[in-house]
Amino acid sequence: MKTTRTGALRVFASAIISSLAFAGCSSNEPTPVDSQASSGAETQSEVLTVWLDESEALGLESVALQFEADTGNRVDLVVKTDIANEFWGASDNAPDIVLGPHGLQRGFLSEGLIAPFSLEGAGTGFNSGAVQAFNHGGQQYGLPYAQESIALVCTESAMPKAPETFQHVVDVGLAISLNDGTGDPYHFYPLQTSFGSSVFVVDSTNPGILNLALGNEEGLAFANWLSKNAALFDLESNTELIKQQLVDGAKGCWITGPWSGSWFSATFGEEGWNAYEVPSAGGQAATPFLEVRGAMLSARANNPSVAIKFIVDYLGSDPGQIAMFQATGRTPSNLKALENAKDFKIPYQFGMAGSNAVPRPVSSKIDSVWFPLGEAQMAILRKDDAPDLLWKMMSDEIAEAIRD
């Protein structure tokens, strides 16, 4: 455990405060959660404990100092390397706020470790998918600050501007790693959703319930398209093969994530590539999955109103979000922070390309999807049987596996 409130971080934080020109917390002066909560935070001295990683602590130090200056409430930033397991076993030593990926909510919610709170308008300045990642059963369990999603990444020589049609991508050569023939439904997902096919849909009568949606007409349409276009994909492709194909010019575009950005820059130069939204193959929007990091309120917070004020009014402010980007380098979910990142190609371009991405489901049901879906896609590409039959068998298998 490491608490970061003094020394070099405080010096760095003071510089950030000056550069961001905090004024009574932020330039956009977000509305407090409610007037009573705001008043309580102003008059009572509290100590908030926040668990987070080291880069997040660096970003939040300036925000914490401003919060203390404005409200008299101190914030202790405690660096943790295994937040999930320590939070589960924290009992009386639980923090007031935890930062982490939205996928942690599954365990946190099942154990009653986090509490819902209102963003009170702060969510309007964020990527809507990132906000939705922390919404369950119609209640908000976190405020996002960073996100990650895949995009269509092309060499400048092959695709100097965003493709207008999917055929344009086909013409220059599209690469998707099929992991030596085992499949990759995650990277196929934007193409699948462009046919209107998603893995789950929310129950209209109960927003906390997810219903399997793979077996519908839209899913079958994608399966048939995949079969008809099997020649577009290398069945034994992998990351190293695709990189060589891009270098040789055999492929012009690759559906991949920001983790590949450094390789593109090192290989083709900073100006030698671009990340675009994946164009539609099926006529509807191509929406990849979104991974999100954010701040969650502990159900055992000593003073929830003070903790919420810090999350919403300070971490959630534009300057707070910019400070987090400057420290972590992670793609911002906040739109002003994303615009502030425009000189940093990887986070900015992937952030723009992921503007319509959808959060990866937190439900444990998603764990039963990946292997059968990948197997079915590979079987369709190999033409093992009729695409309708293979897709229906896969959907039935998953439906049985997730049956309550």
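An account of the accompanying structure is given in this report.

Reading the values: rules and limits
- Residues numbered from 1 in each chain as written.
- Predicted model: local features only at pLDDT ≥ 70, side-chain atom pairs only at ≥ 80, totals over all residues.
- Heavy atoms only, no water.
- Helix = DSSP H or I, 4+ residues; strand = E, 2+ residues; numbered from the N terminus.
- Buried < 20%, exposed > 50% of the residue type's maximum accessible area, 1.4 Å probe, protein only.
- Contact = heavy atoms within 4.5 Å.
- Areas by Shrake-Rupley, 256 points an atom, 1.4 Å probe, with all protein chains shown as cover.
- Pairing = 2+ DSSP bridges.

## A short note on the overall build of the protein chain
Right, so step 1: Within the protein chain, the regular secondary structure consists of 17 helices and 16 strands.
Right, so step 2: When each of the 404 residues of the protein chain is scored for burial, the buried share is 56%.
Right, so step 3: Within the protein chain, counting contacts between residues at least 6 apart in sequence, those at least 24 apart form 79% of the total.
Right, so step 4: Here the protein chain has roughly 16,700 Å² of accessible surface; of this, 50% comes from carbon and sulfur atoms.

## Let's talk about the environment of Glu240
Right, so step 1: Tracing the sequence through the fold places Glu240 in helix α10 (residues 239-248).
Right, so step 2: For Glu240, a relative accessible area of 55% corresponds to the exposed category.
Right, so step 3: Sequence separation between Glu240 and Ser177 is 63 residues, and the spatial gap between their C-alpha atoms is 9.2 Å.

## Looking at helix α8 (residues 185-193)
Residues three or four positions apart in an α-helix share a direction because the helix packs 3.6 residues into each turn.
Right, so step 1: Counting buried positions over the nine residues of α8 gives nine, a clear majority of the element.
Right, so step 2: Taken together, the buried positions of α8 are Pro185, Tyr186, His187, Phe188, Tyr189, Pro190, Leu191, Gln192 and Thr193.

## Some details on the sheet that holds strand β9 (residues 151-155)
Where strands meet in a sheet, backbone hydrogen bonds hold them as pairs that are either parallel or antiparallel.
Right, so step 1: Judged by pairing direction, the sheet is mixed, and its four strands sit side by side in the order β10-β13-β9-β14 without closing on themselves. For this open sheet the edge positions go to β10 (174-175) and β14 (273-276), each flanked by a neighbour on one side alone.
Right, so step 2: As paired strands, β10 and strand β13 (residues 253-256) are joined by two bridges and run parallel to one another. Each bridged residue has a counterpart across the sheet, and for Leu174 the counterpart in β13 is Cys253.

## Thoughts on the pairing of strand β3 (residues 74-79)
Right, so step 1: With five of six residues buried, β3 is to be regarded as a mostly interior element.
Right, so step 2: Where strand β2 (residues 47-52) and β3 come together, six bridges link them in parallel fashion. Bridged to Val50 within β3 is Leu77.

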